[in-house]
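Survey of secondary and tertiary structure
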Amino acid sequence: MKLDPRTKLFLAIVVNSVILSAPPVYSVLMFAVPAILLLFEKKWKFVLAFFSLYLAAVLGFEHLKTMDVGRVGTLAVSTMMIVSRMMPITIVLYYVMQTTKANEFMAGMSRMHVPNKVTIPLTVMIRFFPTVFDESRAIGNAMKMRGIRLFSLQTLKNPFAILEYRLIPLLVSITKIGDELSVAALTRALTPEAKRTCIVPIGFHVQDLVVFAYCIAVVVLFLLRPVS
Amino acid sequence: MPNVKTTGKKSSNTLVRDLVNVGIFAALYIVLAFLSSSVGYIPALIVFSTGSIALVTSIPLFLFFSKIERSILCCLIFCGFFGTAMFVMGQGILMLSISLLVGLLAGVALKVFGKGFAGLFSANIILCLMSSSMMLPLWTSTEEYLEYTRTMCDAGYVAKLAELSQSPWPLVAIYAFGILGAVVGGFIARRVMKKHFERIGLAK
């Protein structure tokens, strides 16, 4: 099932804002949308693992949040909080990144009359989040082979060394990737002044309407909730 | 070549490179800011979290500033992205406007002082005010912010936040640690730039 890039953007914004300000019932309701959409993409195992971990974190947090659990408990509860709050956002972003190609995203943004000076860095940024993590993981592995770890006695002795061992290789590699990316963009005649055409047809269909209606319904339900 | 006539305009090729750099460094900045601000989840270290963000992000920011050619535009978009990310995550319109203002000021500082150490250093210090403002709603709209954190954190953490919001001194400390982090980070970043990036030709 194919959604319009604008619908995906709307979904991501609604999920973010509802989840970060509403009680857990609404976040479970919102979590369902990307989960079902991912099921259409045949990601059964991923959705199942994510959903069970998410439910465990939400239930655990709801049970423990009113108690004064001490310092260690606070850390555990904070972790649960981060998991329960961040996972739905992660799953939406994962869905958006997995299914949206850069050209579709740019076409969607240009239909919304967003200037290219904003669209180009935004597209690069969205494409770059996974790259940052991948590069960081690869550098971590390389450093592990040389016996340099994030949590070790050596690191404790000289915490700034870890900046040098992890951050600088990361910066060097992503700057190189960035330079290559801008060269690739230039060879495809990407300029902020010209309007681009897109070979993939984008537009609103029935599935977009369903997702829109569902998101708006959840937001309305949230806004009209009985205040205790 | 003195005989070559130019239109005086910067090429649009460098504009694309600048915009790509903004995207890359914005992604890196957001990831690093979130990772280093997680120090603040330990209640005793809330005040120091802004310092750790400024310290860790100084090196990428120095590299970013030295790579861009259109300082004001790039800094404005860069900070606009961070502010929008914060806004979407429930921080309110105040954070977005502070981010845009900080971006403008940092761009102007880069333009005025140039790409030397003075320019990079001052822009870095101005930019750290953006990440330091993340806790500002705790003082400007205390009740709303506490209500917002109550849905996310346990009672002990919220009580600690409420205790902090009683006096303005923790706010001063948050900004002071942020600026201190940026100053220390700036000196580290200068050494790192000389030792690594200038040597391999990534920065001038």
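The following paragraphs examine the structure supplied in this document.

The rules we used
Residues numbered from 1 in each chain as written. Chains lettered and ligands numbered in written order. Predicted model: local features only at pLDDT ≥ 70, side-chain atom pairs only at ≥ 80, totals over all residues. Heavy atoms only, no water. Phe/Tyr/Trp six-rings, centres within 6.5 Å; stacked < 30°, edge-to-face > 60°. Lys NZ or Arg CZ within 6 Å of the ring centre and 35° of its normal. Helix = DSSP H or I, 4+ residues; strand = E, 2+ residues; numbered from the N terminus. Buried < 20%, exposed > 50% of the residue type's maximum accessible area, 1.4 Å probe, protein only. Contact = heavy atoms within 4.5 Å. Core = buried A, V, L, I, M, F, W, Y, C linked by side-chain atoms within 4.5 Å. Axes fitted to C-alpha atoms, helices over the stretch in contact; angles between N-to-C directions. Parallel < 35°, antiparallel > 145°, perpendicular 65-115°, else oblique. Nonpolar A, V, L, I, M, F, W, Y, C, P; charged D, E, K, R; others polar.

**Some words on the packing of aromatic side chains**
Residues and elements named next belong to chain B. This model, assessed by the stated rule, comprises 16 aromatic pairs over all chains. An aromatic cluster of at least three residues, connected via ring pairs, comprises Phe 25, Tyr 29, Phe 64, Phe 65, Phe 78 and Phe 82. The ring of Phe 117 carries Arg 190 above its face, with NZ or CZ at 4.3 Å from the centroid.

**Some remarks on the environment of Arg 191 of chain B**
Mapped onto the secondary structure, Arg 191 of chain B falls in helix α9 (residues 169-197). With 132 residues separating them in the primary sequence, Arg 191 of chain B and Ile 59 of chain B have C-alpha atoms 9.7 Å apart.

**Concerning the environment of Leu 29 of chain A**
Residues and elements named next belong to chain A. Mapping Leu 29 onto the fold places it in helix α2 (residues 24-40). Accessibility expressed as a relative area gives 31% for Leu 29, which makes it partly exposed. Between the C-alpha atom of Leu 29 and that of Ile 82, which follows or precedes it by 53 residues, the distance is 18 Å. If we ignore the near neighbours within four places in the chain, the residues touching Leu 29 are Tyr 214 and Val 218.

**Description of the nonpolar core**
Membership of the largest hydrophobic core comes to 88 residues, with the highest contact counts inside it found for Phe 64, Phe 65, Phe 78, Phe 82, Leu 127 and Phe 197 of chain B. Considering every element that reaches this core, the biggest residue donor is helix α1 (residues 12-37) of chain B, with 15 residues. Those residues in contact with Leu 127 of chain B that sit more than four places away from it in its chain are Tyr 29, Leu 61, Phe 65, Phe 78, Cys 79, Val 102 and Ala 106 of chain B. With 28 residues, the next largest nonpolar core counts Ala 12, Ile 19, Tyr 26 and Val 211 of chain A among its residues.

**Quick look at the packing of helix α4 (residues 93-113) of chain B against helix α5 (residues 117-132) of chain B**
Residues and elements named next belong to chain B. Close contact between α4 and α5 brings their axes to 8 Å; oriented N to C, the two are set at 175°. Relative to α5, the element α4 is oriented roughly antiparallel. Where α4 abuts α5, its residues Met 95, Ser 99, Val 102, Leu 105, Ala 106, Ala 109, Leu 110 and Phe 113 lie against Ala 118, Gly 119, Leu 120, Ser 122, Ala 123, Ile 126, Leu 127, Leu 129 and Met 130. Taken together, the residues that form the contact of α4 with α5 break down as 14 nonpolar, three polar and no charged.

Scope: geometric values only; no functional claims are made or implied.
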